[in-house]
Protein chains: 4
Amino acid sequence: MIIVMRKSSGEQAIQMVIKRLKDNGFAIHESRGVEKILLGAVGDKSHYMDLALEAMDGVEKVISILAPYKLASREFKQDNTVIRVGDLEIGGEQIQVMAGPCAVESREQLLEAAHMVKASGARILRGGAFKPRTSPYAFQGLEERGLEFLAEAREQTGLYIVTEIMDTRKVDMVAEYADILQIGARNMQNFPLLKEVARYDKPVLLKRGLNATIEEWIMAAEYIMVSGNHQVILCERGIRTFETFTRNTLDLSAIPVVKHLSHLPVIADPSHAVGKWRFVQPMARAAVAAGADGLIIEVHPNPSEAICDGPQSITPERFAAIMAELRKTAAVMDRTL
Amino acid sequence: MIIVMRKSSGEQAIQMVIKRLKDNGFAIHESRGVEKILLGAVGDKSHYMDLALEAMDGVEKVISILAPYKLASREFKQDNTVIRVGDLEIGGEQIQVMAGPCAVESREQLLEAAHMVKASGARILRGGAFKPRTSPYAFQGLEERGLEFLAEAREQTGLYIVTEIMDTRKVDMVAEYADILQIGARNMQNFPLLKEVARYDKPVLLKRGLNATIEEWIMAAEYIMVSGNHQVILCERGIRTFETFTRNTLDLSAIPVVKHLSHLPVIADPSHAVGKWRFVQPMARAAVAAGADGLIIEVHPNPSEAICDGPQSITPERFAAIMAELRKTAAVMDRTL
Amino acid sequence: MIIVMRKSSGEQAIQMVIKRLKDNGFAIHESRGVEKILLGAVGDKSHYMDLALEAMDGVEKVISILAPYKLASREFKQDNTVIRVGDLEIGGEQIQVMAGPCAVESREQLLEAAHMVKASGARILRGGAFKPRTSPYAFQGLEERGLEFLAEAREQTGLYIVTEIMDTRKVDMVAEYADILQIGARNMQNFPLLKEVARYDKPVLLKRGLNATIEEWIMAAEYIMVSGNHQVILCERGIRTFETFTRNTLDLSAIPVVKHLSHLPVIADPSHAVGKWRFVQPMARAAVAAGADGLIIEVHPNPSEAICDGPQSITPERFAAIMAELRKTAAVMDRTL
Amino acid sequence: MIIVMRKSSGEQAIQMVIKRLKDNGFAIHESRGVEKILLGAVGDKSHYMDLALEAMDGVEKVISILAPYKLASREFKQDNTVIRVGDLEIGGEQIQVMAGPCAVESREQLLEAAHMVKASGARILRGGAFKPRTSPYAFQGLEERGLEFLAEAREQTGLYIVTEIMDTRKVDMVAEYADILQIGARNMQNFPLLKEVARYDKPVLLKRGLNATIEEWIMAAEYIMVSGNHQVILCERGIRTFETFTRNTLDLSAIPVVKHLSHLPVIADPSHAVGKWRFVQPMARAAVAAGADGLIIEVHPNPSEAICDGPQSITPERFAAIMAELRKTAAVMDRTL
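Residues numbered from 1 in each chain as written. Chains lettered and ligands numbered in written order. Predicted model: local features only at pLDDT ≥ 70, side-chain atom pairs only at ≥ 80, totals over all residues. Heavy atoms only, no water.

### Digging into the sheet that holds strand 1 (residues 2-6) of chain A
Residues and elements named next belong to chain A.
Part 1: Pairing is antiparallel in the open sheet, where 4 strands are placed in the order 2-3-1-4. This sheet does not close on itself; its edge strands, each paired only once, are strand 2 (27-32) and strand 4 (59-63). On average, each strand axis in the sheet is tilted by 20 degrees relative to the strand beside it, whichever way the strands run.
Part 2: In the sheet, strand 2 pairs with strand 3 (residues 36-42) via 6 bridges, with the strands oriented antiparallel. When the sheet's bridge partners are listed, A27 is paired in strand 3 with V42.
Part 3: Contacts from helix 1 (residues 11-23) reach strand 1, strand 2, strand 3 and strand 4, with the element oriented near 155 degrees to strand 2. (Pairing = 2+ DSSP bridges. Helix = DSSP H or I, 4+ residues; strand = E, 2+ residues; numbered from the N terminus. Axes fitted to C-alpha atoms, helices over the stretch in contact; angles between N-to-C directions. Contact = heavy atoms within 4.5 Å.)

### Observations concerning the interface of chain B and chain A
Part 1: Facing the 51 residues of chain B at the interface are 51 residues of chain A.
Part 2: The interface formed by chain B and chain A contains 6 salt bridges.
Part 3: The salt bridge involving E216 of chain B is made with R240 of chain A; its shortest N-O contact spans 2.7 Å.
Part 4: Applying the counting criterion to the chain B and chain A interface returns 27 residue pairs in polar contact (both at pLDDT 80 or more).
Part 5: Of all elements in the fold, only helix 6 (191-197) and helix 7 (214-226) of chain B reach the threshold of two or more residues within the side of chain B that touches chain A.
Part 6: Among the elements that line the side of chain B that touches chain A, the one with the most residues is helix 7 of chain B, at 5 residues.
Part 7: Here the side of chain B that touches chain A is built from residues that sort into 23 nonpolar, 12 polar and 16 charged. (Salt bridge = Lys/Arg side-chain N within 4 Å of Asp/Glu carboxyl O. Polar contact = N/O pair within 3.5 Å; in protein donor to acceptor, adjacent residues only side chain to side chain. Nonpolar A, V, L, I, M, F, W, Y, C, P; charged D, E, K, R; others polar.)

### Focus: the nonpolar core
Part 1: Formed by 342 residues in total, the largest nonpolar core has its most connected members in L206 of chain A, L206 of chain B, L206 of chain C together with L206 of chain D.
Part 2: If near-sequence neighbours (up to four positions away) are discounted, L206 of chain C is found in contact with I183, M188, L194, W217, A220, A221, I224, V232, I233, L234 and C235 of chain C. (Core = buried A, V, L, I, M, F, W, Y, C linked by side-chain atoms within 4.5 Å. Buried < 20%, exposed > 50% of the residue type's maximum accessible area, 1.4 Å probe, protein only.)

### Quick look at the relation of the copies chain C and chain D
Part 1: Of the transformation placing chain C onto chain D, the axial shift is 0.0 Å and the rotation is 180 degrees, giving an RMSD of 0.0 Å. Each copy turns onto its partner about a two-fold axis. Across chain C, the smallest distance between a C-alpha and the rotation axis is recorded for N211 of chain C, namely 2.8 Å.
Part 2: The fraction of interface residues of chain C whose copies in chain D are also interface residues reaches 100%, indicating that both copies meet through the same surface. (Least-squares fit on C-alpha atoms with pLDDT ≥ 70 in both.)

### Quick notes on the relation of the copies chain B and chain A
Two copies of one chain are present, and they are related through a rotation about an axis combined with an axial shift.
Part 1: The transformation that overlays chain B on chain A combines an axial shift of 0.0 Å with a rotation of 180 degrees, and the residual RMSD is 0.0 Å.
Part 2: Comparing interface residues between copies, 100% of those in chain B also lie at the interface in chain A; the contact surface is shared.

### Notes on helix 1 (residues 11-23) of chain C
Residue and element names in this part refer to chain C.
Part 1: Counted at 1.5 Å a residue, the expected span for helix 1 with its 13 residues is 18 Å, and the 18 Å between its end C-alpha atoms agrees.
Part 2: Where helix 1 is concerned, the buried positions are A13, I14, V17, I18, R20 and L21. Here the buried residues of helix 1 occupy an arc of 160 degrees about the axis, which is enough to place them on one side. Opposite the packed face of helix 1, turned more than 90 degrees from it, sit the exposed residues Q12, K19, K22 and D23. (Expected span 1.5 Å × (residues − 1). Arc of directions from axis to C-beta.)

### Looking at unusual backbone geometry
Negative phi values dominate among residues other than glycine, just as trans dominates among peptide bonds.
Part 1: The phi angle at D334 of chain A is positive, at roughly 60 degrees, despite the residue not being glycine.
Part 2: Structurally, D334 of chain A is set in the segment after helix 11 (316-332).
Part 3: One non-glycine residue with positive phi stands out, namely D309 of chain C, at about 60 degrees.
Part 4: Tracing the chain through its elements places D309 of chain C in the loop between strand 14 (294-298) and helix 11 (316-332).

### Structural notes on a negative patch on the surface
Residues and elements named next belong to chain A.
Part 1: Among the surface-exposed residues, E144, E148, D172 and E176 lie close enough to one another that they form a single negatively charged patch.
Part 2: Residue assignment for the negative patch shows that the elements contributing at least two residues are helix 4 (144-157) and helix 5 (171-177).
Part 3: Along the chain, the position of D172 falls in helix 5. (Patch = residues over 30% accessible without salt bridge, like charges linked within 9 Å, V, L, I, M, F, W, Y side chains within 5 Å. Areas by Shrake-Rupley, 256 points an atom, 1.4 Å probe, with all protein chains shown as cover. Lys, Arg positive; Asp, Glu negative; His and termini not counted. Charge placed at Lys NZ, Arg CZ, Asp CG, Glu CD.)

### Description of the interface of chain C and chain D
Part 1: Opposite the 51 residues of chain C that make contact, chain D presents 51 residues.
Part 2: Along the contact surface separating chain C from chain D lie 6 salt bridges.
Part 3: Here E196 of chain D makes a salt bridge to R169 of chain C, at a shortest N to O gap of 3.0 Å.
Part 4: On the surface where chain C and chain D come into contact, there are 27 residue pairs in polar contact (both at pLDDT 80 or more).
Part 5: For the side of chain C that touches chain D, the secondary structure elements donating two or more residues are helix 6 (191-197) and helix 7 (214-226) of chain C.
Part 6: Considering only residue class, the side of chain C that touches chain D consists of 23 nonpolar, 12 polar and 16 charged.

### Some words on the side chain of T163 of chain A
Residues and elements named next belong to chain A.
Part 1: Positionally, T163 belongs in strand 9 (residues 160-165).
Part 2: Residue classification places T163 among the buried residues on the basis of a relative accessible area of 1%.
Part 3: Looking at T163, its side chain comes within polar contact range of the main-chain oxygen of G127, at 2.6 Å.
Part 4: Residues within four places of T163 in sequence aside, it is in contact with G127, G128, A129, L147, L150, V174, A178, I180, L181 and Q182.

### With respect to the state of the cysteines
Part 1: Scanning the model with the defined rule gives 4 disulfides over all chains in all.
Part 2: Across a sulfur-sulfur distance of 2.1 Å, C102 of chain A and C308 of chain A are joined as a disulfide pair. The sign of the -85 degrees torsion about the S-S bond sets the C102 of chain A-C308 of chain A disulfide as left-handed. Note that C102 of chain A is positioned in the loop between strand 7 (96-100) and helix 3 (107-119) and C308 of chain A in the loop between strand 14 (294-298) and helix 11, a separation of 206 residues in sequence. Taken individually, C102 of chain A and C308 of chain A each receive the classification buried, so the pair is uniform in this respect.
Part 3: Here C235 of chain B is not cross-linked by a disulfide; its sulfur's nearest cysteine counterpart is in C102 of chain B, at 14 Å. (Disulfide = S-S within 2.5 Å.)

### Details of the environment of V204 of chain B
Residue and element names in this part refer to chain B.
Part 1: Relative to the elements of secondary structure, V204 occurs in strand 11 (residues 204-207).
Part 2: In sequence terms V204 and V162 are 42 residues apart; their C-alpha atoms lie 9.0 Å from each other.
Part 3: In contact with V204, other than residues within four places in its own chain, are I180, L181, I183, V197, I224, N229, Q231, V232 and I233.

Printed below as a string of structure tokens:
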């Protein structure tokens, strides 16, 4: 860490900062310029978080050099993490596609969707039983009955299940049914929930928050990891920007950036990012070309009857065409799908 | 609501949309231009949410005309809502200042802060017992002991207590101690938590999410109101933008906008928005001039020893000066403080 | 266009708005709901721009239904526009790669770069003679000498030249040397410059502004087109968001969106978007997979000696590897490169 | 400046960076941690801009410590700059209000507006003769005739004139008529234009770009100053964010931040920021409370007939009321208006 101080604030202020750092176990290297003094502080990064150095006299700014995360960092673990879901691998040579409806609406709808995405080559079924809706007047999900339908779909098709958890009190219930526990974008910094999912021996799909920097997103993964669960799959799903034609802005550069900074697998959700079915296909393809380890795509047997996210859901026929095309893109990346 | 359709998609597609709308109780007014057909649909707005009209053939976009919230809207209730906390009013003629440390760190620190902010004229004490920290390695709060210290501070000073809740499982505990239940920015769309706080007969301080539009923020208030608790105080605390010199960007225009759209009181948190103590004073003054019903300000007996948010905390001496100045600005607004 | 009015504002206000619209040649369709009145106005969209309807009594908002651009729209011209640069086509089956240094620094540097990118398969040479630099103390370009070096490079290699114009007074000079006139992101809404480049019979490469919506970007193209030059190539180069790890956020979804809304070709600039050479390769690949008609990539014979944008420039060796890989991605898209 | 290097990249890479820095006149202080090596480089900051250090082997990032601007900085000049326009001072004790229509539409409209804003206490008249419009189909301004009307209004009222320049070829013409040369938000980084206005001995009103950081904005002022004109007035006019209810987001915290970083005066433009007349008043008041040295407000004799920006223009009656109120707010700031 580097502490930038104003020379004009005087020697006493400088010595007080140095003392505080030394008292906390840091070694100090000084570098005195004409206007500023730089203090390079070498020591245990986890200690500095709670030193309010910027509130001390004469301190202009504090610059952190090391990433604030450790377990999730590429320095900590050089090899890519491969996460196992039954016989599947996420983060390995095979790109995994998770597909299904936004919400579990009924037994029939879900089973129909499940059989259809299975037929096109998906290996994981998505579907929400608890839905985070902007409006309290919108459909909030079938809750446990939705989970039961998901379990039945798994039994019938062999697809694994990923579904969202929103409430610390429901993790137990969801974990009973799901193969992958999903933390939605709005809950990326719901820290009690992160700690709670860490208590289960299940992979966690951690969506990037709409306003989260890549560093904050990896820090959210670190919360889960430091609490004991290292099976975190990151999911880029679009960030909020000034552009309104698309629902959000899919930040595909986050994919190679995450791969550079971390060993965790990262997938993309083109459906939520673009918000319009028409653009799901090109963005799914682009995500694979950017290096994504998987995709999560909204597919509905009849999008115009969907209770939620109909406009961005694709039909099973389009999904089949997309899967065929993605196989070719995967091949260019020396991967399968 | 207006449905915009492409003329080129043919009469059948148009008739199917009309049928779906009529089946759901809407009256339809058609307006046919050269390229587009507009269907004005008049009916119960709460019904349309779950119609996936945009996924129907030929539909280009669906434009909502009425605000999606009802109970929180100015149309629903013309008069300003005034919320009572003991003998105080929030949203009335008096501007209320909530002040205190970011985190409750110790009994001594909190009591010292409480006496000091009380002496300067604050009537509500802030202080976090549960802290949402970006890093799992940072101090996470004293939890129930922190709440006990807050209660003791109230007893000693007569200040009311506002403190944050992060977990649905802890609402009971926090509600036992707090006078105002705070929902932090990161939890603005933690819907289970919104529903849970609605079960208590206590005012809720609802911070705007870093990436939340004003409409989404009011919708979060609507969640609490529709679940039975109408005592919602909105709090603007800065949104995330590309500017990095300040921690966030305080959107003061949100204050008159909220007052225009809603009857709920709205306050401002300049400390979190700017992130640097130096800018708290001018932004507190500007917030009052913009029409804020209150302020929440971080004050620490010794900011450079603060465990969290030291850089944006002000000293009790500066706080006293700010309060004196704010009284003059309040007077210009024909209000007291 | 739809005018939303409050019913409570009274019949007179409504009739005044209707009169203003009729006086300007619009036909009106009314739709009266409980709270609001909707006026659908059908007529010549170019007329409404200068009607300040939103300032009239009782008008709550005015919603534009038709896109504000005409010549650039897909409705106006169904087929993709293919722009010819000598014997090359931009927007056709072949994906075109423009490559070269950020700035023309010297004759040697430019010629070396030109031969190298040519050897790897680029057909267009980029290089700035006039540089828009954030700092007045940074290198501002070789100006006309830089243009002469570009012309010499074209002569030696057969590469076509794309270079930026920043000043209406210099368009004449730049057009003498360049094959494609580049409008940089900072000048996307420099309207006099847009009008000036329209006077030449040369293709214009129009970069998206850092804060421009897709609609505003297409409107900037419309400025050039309505002034007489229909040869506009759009270029996505990253928008400004809150994420700071990358220099900007490459909005690849803009590529299929532009293809949907407009007939103009669109290319991507991964170098400026990511700002770090390491991420140029995956984003170039992703841009092609998203449907880009071309790429513009910064290549420098020796990036660490580059006078500008060294950190995001790639070496000629890396460029050769990228080109080989892009050919495979292009093939998946049924295109060549 | 600090160069952060990875220890793992080896001693040779480190020595090459040190050599490059020493060759450019920097003194180096090393600080070696477990994973990283920090090189503190002390020297002439204007030299480092063109060193592509980040492209050198082993360099992870380069952190600039000193602000990149000099002439505009508070360190360079401790006292507030006061700019004289005739007998007025901008940046002094008196807050200056610039008012008038968005565009000069006709002689009558402008003269009426001028007399009205004069009567309410404005001392500077705004009005565009050259209008930067998003659409090529919208009114583009009366050009020189508009300037003549402005000059006539000055003659009749004694108001000073501020008006926008968009084209380097027109600076001469505009400077003949205007007292203050305005650079609009879209041209904040039109560097040839910045250099051109610097050639005149007239104050320049420099609006902040919609996507410009505060640092970039001050750098644009530095362009003008280093080219010879130190009379720069900064103007905050709203930045682009995800919020769409207001036209832009007025970043009032930029006002105290600019005052902290620079000695230049700074004013606010609430009209363009909020885009709706209803919110101009509270934001004008808040800007003064935040420390603004002036305001620029759109006033139109008949907003609903305005050719541009009608929705955000206020009537002369409302303007009179605003001015009366602003005088009270100015008094709280120990200033006049």
